[in-house]
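What the coordinates show
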Amino acid sequence: MSLAEVTPALLTGAEHPDAALAIKSAFGAFPSGVAALAAEIDGVKVGMVSSSFSVGVSFDPPMVMFSVQNSSTTWPVLKQAERIGISILASAHDEACYQLSSRTRDRFAGLDLHQPQSGAIFVHDAAVWLECVIRSEVPAGDHHVVLLEVTAVRVGEGQDPLIYHGTRFRHLTAV
């Protein structure tokens, strides 16, 4: 199918039963890094994973953003944190990603974590650590877009990021 063959009906789902699948497939064709967002709230570790994470929203002040489904049961708890730790997962973190996104098992059991006094939680050996505060949250269809200000940063030495593309984890290869 060429781009010329894609009709608004297909994109909106108005007349095509596979519209949701087409949108997921189209969005999945865009590679992204994977971010773990975590904090300790009232003595309990809370975390989630996002492949919709974006950096460079603003450099002054430094800001990042991600989107979260309206149906998330984790985000309403996590957004209560004073500081949220964002770990850009490294290429070796594919199993950690599955664990941190699990709905049935302990998301933090056995993971090597760093917990500063701020309450943010970071995954060791991540490509990047960003400590953030929430600045705004905007409704966006079946998601909310969350804008965060970066208050501290650490770049991992020699850690390539984990890449999510086409419903699979991938690794970067130099060209």
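Refer to the structure printed above.
Just so it is clear, the structure is predicted and the values come from calculations on it, not from any experiment. (Residues numbered from 1 in each chain as written. Predicted model: local features only at pLDDT ≥ 70, side-chain atom pairs only at ≥ 80, totals over all residues. Heavy atoms only, no water.)

**Details of the pattern of salt bridges**
Throughout the structure, instances matching the rule amount to three salt bridges. We note a salt bridge from K79 to E137, for which the minimum N-O separation is 3.4 Å. Taken together, the residues K79 in the loop between α3 (75-78) and β6 (84-88) and E137 in strand β9 (residues 128-140) connect sequence positions 58 residues apart. Relative accessible area serves as the criterion here: at 39%, K79 is assigned to the partly exposed category. The partly exposed category is assigned to E137, whose relative accessible area is 28%. E149 is paired through a salt bridge with R135; the nearest N and O atoms lie 2.7 Å apart. Placement of the pair is E149 in strand β10 (residues 143-155) and R135 in strand β9, with a sequence separation of 14 residues. A relative accessible area of 19% places E149 in the buried class. (Salt bridge = Lys/Arg side-chain N within 4 Å of Asp/Glu carboxyl O. Helix = DSSP H or I, 4+ residues; strand = E, 2+ residues; numbered from the N terminus. Buried < 20%, exposed > 50% of the residue type's maximum accessible area, 1.4 Å probe, protein only.)

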